[in-house]
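Residue-level structural notes
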Amino acid sequence: SQLEANYFFPIAPDWFGRFSAGIFEDMFGGGASEVLYRPTNGRWAVGLEVAHVWQRDFEQRFGFQDYNTTTGHLTYYHELPFENIRMVLSAGRYLARDVGVTLDFSRGFASGARFGIFASFTNVSAEEFGEGAFDKGFYMSIPFGLFSAKGGTGAAQFSFRPIQRDGGQKVVSGRSLYYSLDASHARSLQTRQADWGR
């Protein structure tokens, strides 16, 4: 279901870049690039990601269908100064070529688990989209280290949408710079040091 290559590189102080290519998910594959600005001690960051993707064949092998599109988002991340809550606001073009915004709130815990909710509003009409008129859902991420005395890397991810429609859908195009760099960011290191021994 996934076979991709990701190349990360520094651009300048506090600036990072990424190139990704391959089979990104069950439905799409292609190429993507991302640029992220994240101040060393800041609570915020801004990123821009652009991808060109093709819809995969139903056999889920290496073939593709005729449908292809360019998708991209400008995203603002903010670590709010209370309850370890993160806000993510992104605006851009989605897989169905609709345009709109996605708002995401999540809360992280000292264990490394994170729970969040999201909603996407695009120019797809309420009649065309159906129930609720916009995409919404919740998700959770639970680190594998919670289940092993030796610890470990990676996490189990779960998400749920009460209704699945084409509108408001983003492609999972490679490994996000923000989340890949999160563990090594100065604020994350300071937080872990403050929580050490609890």
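An account of the accompanying structure is given in this report.

A closer look at the overall build of the protein chain
Regarding its fold elements, the protein chain presents three helices and 10 strands. Seen in sequence order, the protein chain has helices and strands lined up from the N terminus as β-β-β-β-β-β-β-β-α-β-β-α-α. Across the 198 residues in the protein chain, those meeting the buried criterion constitute 36%. Counting contacts in the protein chain only where the partners sit at least 6 residues apart, residues at least 24 apart contribute 44% of the total. Of the accessible surface of the protein chain, which amounts to about 11,800 Å², a share of 60% is contributed by carbon and sulfur atoms.

Quick word on the packing of aromatic side chains
Across all of its chains, the model carries 10 aromatic pairs by this definition. Seen from their ring centres, Tyr 178 and Tyr 179 are 5.5 Å apart, and the 85° between their planes marks the pair as edge-to-face. Aromatic ring contacts, followed pair by pair, group Tyr 7, Phe 9 and Phe 19 into a single cluster. The residue whose ring lies beneath Arg 38 is Tyr 178, and the NZ or CZ to ring-centre distance is 4.1 Å.

A short note on the sheet that holds strand E3 (residues 28-37)
Pairing in this open sheet of 10 strands is antiparallel, and the strands run E1-E2-E3-E4-E5-E6-E7-E8-E9-E10 from one edge to the other. With partners counted over all chains shown, the strands left at the sheet margins are strand E1 (3-12) and strand E10 (155-160), one partner each. Each strand of the sheet is rotated relative to its neighbour by a mean of 15°, with strand direction disregarded. Here six bridges tie strand E9 (residues 135-143) to E10, and the two strands are oriented antiparallel to one another. Pairing of Phe 138 across the sheet is with Phe 160, part of E10.

Remarks on the pattern of salt bridges
Following the criterion strictly, the structure yields six salt bridges and no others. For the salt bridge of Glu 34 with Arg 18, the shortest nitrogen-to-oxygen distance reads 2.8 Å. In this pair, Glu 34 sits in strand E3 while Arg 18 sits in strand E2 (residues 15-23), placing the two residues 16 residues apart along the sequence. For the residue pair Glu 34 and Arg 18, the accessibility class agrees, reading buried in each case. Linking Glu 83 and Arg 107 is a salt bridge whose minimum nitrogen-to-oxygen distance equals 2.8 Å. Taken as a pair, Glu 83 in the loop between strand E5 (64-79) and strand E6 (85-93) and Arg 107 in strand E7 (residues 99-108) lie far apart in primary sequence, 24 residues in all.

Observations regarding the side chain of Glu 34
On the basis of relative accessibility, which here comes to 5%, the residue Glu 34 falls in the buried class. Here the side chain of Glu 34 touches Arg 18 through a polar contact of 2.8 Å, side chain to side chain. Here Leu 177 takes part through its backbone nitrogen, which lies 3.1 Å from a polar atom of the side chain of Glu 34. With residues near it in sequence (within four places) discarded, Glu 34 still touches Phe 16, Gly 17, Arg 18, Leu 48, Glu 49, Tyr 77, Arg 175, Ser 176 and Leu 177.

A short note on the nonpolar core
The nonpolar side chains of soluble globular proteins are, as a tendency, buried together. Of all hydrophobic cores here, the largest spans seven residues; its members are Phe 24, Phe 28, Ala 32, Ala 51, Val 53, Leu 95 and Val 171. Not counting residues within four places of it along the chain, the set of residues in contact with Val 171 comprises Phe 24, Glu 25, Phe 28, Ala 51, Val 53, Thr 71 and Leu 95. Membership of the second largest hydrophobic core comes to six residues, among which are Leu 36, Val 88, Leu 177 and Tyr 178.

Cut-offs and rules
- Residues numbered from 1 in each chain as written.
- Predicted model: local features only at pLDDT ≥ 70, side-chain atom pairs only at ≥ 80, totals over all residues.
- Heavy atoms only, no water.
- Helix = DSSP H or I, 4+ residues; strand = E, 2+ residues; numbered from the N terminus.
- Buried < 20%, exposed > 50% of the residue type's maximum accessible area, 1.4 Å probe, protein only.
- Contact = heavy atoms within 4.5 Å.
- Areas by Shrake-Rupley, 256 points an atom, 1.4 Å probe, with all protein chains shown as cover.
- Phe/Tyr/Trp six-rings, centres within 6.5 Å; stacked < 30°, edge-to-face > 60°.
- Lys NZ or Arg CZ within 6 Å of the ring centre and 35° of its normal.
- Pairing = 2+ DSSP bridges.
- Axes fitted to C-alpha atoms, helices over the stretch in contact; angles between N-to-C directions.
- Salt bridge = Lys/Arg side-chain N within 4 Å of Asp/Glu carboxyl O.
- Polar contact = N/O pair within 3.5 Å; in protein donor to acceptor, adjacent residues only side chain to side chain.
- Core = buried A, V, L, I, M, F, W, Y, C linked by side-chain atoms within 4.5 Å.

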